[in-house]
Amino acid sequence: MLLRPLGLAALTAAVALTPAPADEPKKDAPKGPPNRLAKESSPYLLQHAHNPVDWYPWGPDAFAKAKKENKLIFLSVGYSACHWCHVMERESFASPEIAKLLNQHFVCVKVDREERPDLDDIYMTALTVVGQQGGWPLTMFLTPDGKPIFGGTYFPPEDKKVGDDTIPGMKSILAKVVELDKDRAGLEKQADHIATLTADALDRNSRLIAIVKLDRELVDGAADGFEFDPEYGGVGSPARKFQGTKFPRPPVWQFLLGQSKRKGKDDLAKAVHLTLRKMAEGGIYDHLGGGFHRYSTERTWTVPHFEKMLYDNAQLAELYSDAFAATPDPLYKRVVAETLAFVKREMTGPGGGFYSALDADTNHQEGEFYVWTKDEIVKVLGADAGFFNAVYGVDAPNFEGKFHILRLPKPLAEVATDRKLTEAELLAKLEPLKQKLFDVRAKREKPFLDTKVIAAWNGQMIAGYARAGQVFGNKEWVAAAAAAADFVLTKMRDKDGRLFRLYAAVPGEKPAARGTAFLDDYAYLTHGLLNLHDATGDKRWLDAAKELTDLSVRFHGDGDRPGFFYTPSDGEKLFARGKDAYDGVQPAGNSQTARNLLRLAAKTGDKAYRERCEKTVKGFALTLRTNPASLATMAQCLDELLAAGDVAGPPPGKVDPPKNPRLSADVMTAALKLDPAAGGRRSFTLTLTVAAGWHVYANPVGNETLADAETAVAVFVGGKEVKSVPVYPKGKETGEGKDKHAIYEGTVTITGSFAAADGEVEVRVKVVACKEGTCLLPSTLKVK
């Protein structure tokens, strides 16, 4: 008989929305003597370094002790910015009475999920396979060899009355487990059963390979798999009227943004842009300091869980940049600029690497740093408070009955219209008021900053900075991406080029690279390097991306079978090893790797990358068919794979421009053919296909007033421009008198040659596209 987890489902539901107890201490209790965690580099583990609990970090010493003394293991998993982790630390792990029970009967192990996401995934899966709700802190009881018996999330120290139920507290649970441990054979039987269920769940993408056709239907099914909140954006359950928590989930909106550009997807476009605007206007966005909090605790994006995670802000910077490229909303540009300013100010280390998180709490109170009373605002702003409060919804308190979380009840454009101002004039009036409040807020005690540098999350921030720099033409942002890439590639790799997961310091020591890297470290960093290559054309970023991808194939690949394991083949051997397959708040490592492979195939012409990409997508096709909303990034990859066909880029002659094109590149494609070197030179053929009704200016254009708009070709080898001899076709003459000029329409073939040299060849063509007196923004198309 399977031991039920002691009513933990009810417990989780009860505490998830319960505020911290009103009588919790405002100040930390005096520190006790340090335990083993005092020698760790993880800020989360160090937060428990003076507990009376005899903590061990995860490792052989803990398991050796458990086996020698025949004790069960008490496993606690969390992270430094987790509010309920802090609550449980204060209530239970700092309690001498509870510590005595733990030390007497268990070997206690503390794990930082950000350092060891593999352990977090395995034991969270173990919790969910028996029907329990996951979350953090994750609390598990294990056999001495690490197999899961049962567990839950947050436990109060004492039994708690919730309605007609009594929820067991830590003391009761520990006493019950001690009693159950008298039948160790029964517990081990249950642990074997749950371990098997866990291994099966994690291994399903290795065992189940269905024959599912990779087609547009799979992509459309993923796009149709979400239910959109028509009033506040985001996704959820219509049956529940979209109540409950809302996570930004950038992978979902990145995929849907791409799909919304297709013909006939106007409703999808509305849902995507409604969501992006509502998030940016809500309390989940920090209107004074920039950047996003982790998620909203309710439907309207007003009340967030206040921690700020690097990975959220990294992905959202990239998403809002892409959204601006599709629809140039000034709100998107402002969000990107303010978010990157926040990252530069608060989360960038001296070497250019990015820190991982800002805590939700100050003085044990969640959100204390960010919220305001009306009196505080009046004290700072004086006579201007009324104006500011009207714009930012400071009316009835919206947090804990007395505080205000700043938000925009109405878009600034509407507020400006109501006040007979332009939006620029309104912003000019608001900025000094926001700065005053920001300066006062900056004097408050700040939330704890987790300064460990995580390779994966840095890769996502590099991607965000690089994409923003490319979209907005901001060299400073591209430089920040390059500095971080240099940091990770020089400080966080071993002699063989393999990544470390972390760069962090043990107290009293200098920071150093440490910890085994996982699939997402390679996948996200490669994504960042590819974005950086897009933004700069610098070959070293492409070379580094290739090297990292080849390493991930070698150490995480599954031979001839599709997909990639999360842990490396030479890593720690646990009772289960899986291939991640859920695009949640971050893409699965498999999904990101698949996209990287396809981009590398297009950039290098190496068909092996494309073949492995296709094989990976096929390995997850059954999940795309049966649960499409769970793999948004994999669906995005499939969409890109289908668009690529047998060659990189859309086929010549087929241009499907967006409904409202902004860039000249939106209405044309470019394809390149390179001939082998002969006589010390190489010839090229560049084919441009311009959408029907549009034209670009010929070369020569035949009108000196349009000379800057001429189509112009340049050749780069190894990232450096080389002298080339382009041969342009004669254009079609149009206009009369002083307006007479030449244009290209339809398919345009430009040939040329250049001196043969070692290095990747890239041909760039500068164009300006026009139609019926309207011209789009200039573009430079880059083809290889």
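As a starting point, this report considers the structure included with it. (Residues numbered from 1 in each chain as written. Predicted model: local features only at pLDDT ≥ 70, side-chain atom pairs only at ≥ 80, totals over all residues. Heavy atoms only, no water.)

### Some details on the overall build of the protein chain
To be explicit about the condition: The helix count covers DSSP runs of H or I at least four residues long, the strand count covers runs of E at least two residues long, and both are numbered beginning at the N terminus. C-alpha atoms define the radius of gyration in this analysis, and the globule rule sets the expected value at 2.2 Å times the number of residues to the power 0.38. Throughout, exposure labels follow a simple rule: accessible area from a 1.4 Å probe, protein chains only, divided by the maximum for the residue type, with under 20% read as buried, over 50% as exposed, and the rest as partly exposed. We call two residues in contact whenever any of their non-hydrogen atoms come within 4.5 Å of each other.
Scanning the protein chain for helices and strands turns up 25 helices and 32 strands. The globule rule puts the C-alpha radius of gyration for 784 residues at 28 Å, and the 28 Å found for the protein chain is close to it. Relative to its full complement of 784 residues, the protein chain shows a buried share of 54%. Relative to all contacts within the protein chain whose residues are 6 or more apart in sequence, the contacts with residues 24 or more apart total 68%.

### Digging into the packing of aromatic side chains
We apply this condition: Only Phe, Tyr and Trp rings take part, Trp by its six-membered ring, and two of them pair if their centres are within 6.5 Å. Stacked means planes under 30 degrees apart, edge-to-face means over 60, and tilted covers everything else. A ring is considered to have a charge above it if a Lys NZ or an Arg CZ atom is located within 6 Å of its centre and within 35 degrees of its normal.
Inspection of every chain in the model, using the stated rule, returns 27 aromatic pairs. An angle of 25° between the planes, with centres 5.7 Å apart, marks the rings of Phe292 and Tyr320 as stacked. Here the residue Phe292 occupies a position in the loop between α11 (266-281) and β8 (295-296), and Tyr320 occupies one in helix α12 (residues 310-326), the gap between them amounting to 28 residues. Over the aromatic face of Tyr56 sits the side chain of Arg36, whose NZ or CZ is 3.7 Å from the ring centroid.

### Brief notes about empty space enclosed by the protein
Our working definition: Points on a 1 Å grid over protein atoms alone make up a cavity when a 1.4 Å probe fits among them but cannot get out, and a pocket when they form an open set with protein on both sides within 12 Å along at least five of seven lines; lining residues each have an atom within 4 Å of a point. Grid points are joined across faces, edges and corners, and a volume is the space filled by probe spheres set on the points. Three classes are used, and their members are as follows: Ala, Val, Leu, Ile, Met, Phe, Trp, Tyr, Cys and Pro are nonpolar, Asp, Glu, Lys and Arg are charged, and the others, Gly among them, are polar.
Tallied over the entire structure, the rule returns four cavities of 30 Å³ or more. Taken as a whole, the largest cavity holds about 100 Å³ of empty space. Around the largest cavity sit 14 residues that line it, and Tyr285, Asp286, Tyr370, Ile405 and Leu406 are the ones nearest its centre. Its residues placed into classes, the lining of the largest cavity shows eight nonpolar, four polar and two charged. In this structure, the second largest cavity is lined by Ala280, Tyr285, His287, Leu331, Arg334, Val335, Glu338, Tyr392, Leu408, Leu412 and Lys434. When residues of the lining of the second largest cavity are assigned to their parent elements, the largest contribution, four residues, is made by helix α13 (residues 330-346). The residue makeup of the lining of the second largest cavity, split by class, is seven nonpolar, one polar and three charged.

### Some details on the state of the cysteines
Stated precisely, the cut-off is as follows: Sulfur atoms of two cysteines make up a disulfide when they are within 2.5 Å.
Tallied over the full model, the rule gives two disulfides. Two residues, Cys82 and Cys85, share a disulfide whose sulfurs are 2.4 Å apart. Classification of the bridge connecting Cys82 and Cys85 rests on its S-S torsion, roughly 80°, and on that basis the disulfide is right-handed. Exposure class is identical for Cys82 and Cys85. Each is buried.

### A closer look at the nonpolar core
Under the convention used in this document: Joining through side-chain atoms within 4.5 Å is the link that ties buried Ala, Val, Leu, Ile, Met, Phe, Trp, Tyr and Cys residues into a set, and such a set is a nonpolar core.
Among the nonpolar cores identified, the biggest contains 148 residues, and Leu102 and Tyr320 are the most heavily contacted of them. Other than its neighbours up to four places away in sequence, Tyr320 contacts Leu276, Met279, Ala280, Phe292, Tyr332, Val335 and Val336. Membership of the second largest hydrophobic core comes to 27 residues, among which are Ala698, Val715, Val748 and Ala769.

### Some words on the sheet that holds strand β4 (residues 138-142)
Under the convention used in this document: When DSSP locates at least two bridges between a pair of strands, those strands are taken to pair. Fitting a line to C-alpha atoms yields each axis, with helices limited to the stretch in contact; the angle taken between N-to-C directions then spans 0 to 180 degrees.
Read across the sheet, five strands follow the order β1-β3-β2-β4-β5 without closing on themselves; strand pairing throughout is mixed. Two strands close off the open sheet at either side, each with one partner strand: β1 (55-57) and β5 (148-152). In this sheet, adjacent strand axes meet at a mean angle of 30° when their direction is disregarded. In terms of strand pairing, strand β2 (residues 72-78) meets β4 through five bridges, oriented antiparallel. The partner of Ile73 across the bridge, within β4, is Leu142.

### Section: the pattern of salt bridges
Worth spelling out the cut-off: Every case where a carboxyl oxygen of Asp or Glu lies within 4 Å of a side-chain nitrogen of Lys or Arg is listed as a salt bridge.
Under the definition given, this model contains 49 salt bridges. Residue Asp181 pairs with Arg184 through a salt bridge whose shortest N-O separation is 2.5 Å. Note on Arg184: relative accessible area 13%, which makes it buried. The salt bridge partner of Glu733 is Lys740, with a shortest N-O separation of 3.5 Å. The class for Lys740 is partly exposed, based on a relative accessible area of 42%. Among the ionic contacts, a cluster of salt bridges with common partners joins Asp112, Glu114, Asp450 and Lys452.

### Remarks on the environment of Pro628
Its location among the elements puts Pro628 in the loop between α24 (621-626) and α25 (632-644). Taking C-alpha positions, Pro628 is 43 Å from Tyr744, a pair spaced 116 residues apart along the chain. With near-sequence residues (within four places) excluded, Pro628 lies in contact with Gly221, Ala222 and Thr623.

### Looking at the pairing of strand β23 (residues 712-717)
On a regular strand, one side chain projects to one face of the sheet and the next to the other, so that they alternate. Burial of β23 is extensive: five of the six residues sit out of reach of the surface. Relative to strand β29 (residues 761-767), β23 runs antiparallel, the two being bridged by six bridges. Its bridge partner lying in β29, Ala714 is registered against Arg764. Note that β23 and strand β24 (residues 720-722) share three bridges and pair antiparallel. For Val717, the partnering residue across the bridge sits in β24 and is Lys720.

### Overview of the sheet that holds strand β15 (residues 453-454)
Taken in spatial order, the three strands make up an open sheet running β15-β16-β17, and their pairing is antiparallel. Pairing within the sheet leaves two strands with one partner each, and these edge strands are β15 and β17 (512-516). Summarising the sheet, strand β16 (residues 500-504) and β17 pair through four bridges and their orientation is antiparallel. Looking across to β17, one finds that Leu502 is bridged to Arg514.

### What about the packing of α13 against helix α17 (residues 423-442)?
Put simply, the rule reads: Any angle that falls under 35 degrees is termed roughly parallel, while one over 145 is termed roughly antiparallel, one within 65 to 115 roughly perpendicular, and all others oblique. Each crossing gets its hand from how the near helix is turned against the far one by less than a right angle, where anticlockwise is left-handed and clockwise is right-handed.
Here α13 crosses α17 at 20°, and the two axes come no closer than 14 Å. Relative to α17, α13 is oriented roughly parallel. The handedness of the crossing between α13 and α17 comes out as right-handed. Contacts between α13 and α17 involve Pro330, Arg334, Glu338 and Arg345 from the former and Glu423, Leu427, Lys434 and Phe438 from the latter.

### Some points on the side chain of Asp361
The condition is simple: A positive count includes Lys and Arg, and a negative count includes Asp and Glu. His and the chain ends are not counted in either. Nitrogen and oxygen atoms within 3.5 Å of one another constitute a polar contact, given that in protein one can donate a hydrogen and the other can accept it, and given that sequence-neighbouring residues count only through two side-chain atoms.
Along the polypeptide, Asp361 turns up in strand β12 (residues 361-362). Here Asp361 occupies a buried position and makes no salt bridge, while the nearest side chain of opposite charge, Arg90, is found at 4.5 Å. Engagement of the side chain of Asp361 in a polar contact is seen with the side chain of His83, the distance being 2.9 Å. Beyond its immediate stretch of four places on either side in the chain, Asp361 contacts His83, His86, Arg90, Glu366, Pro447 and Phe448.

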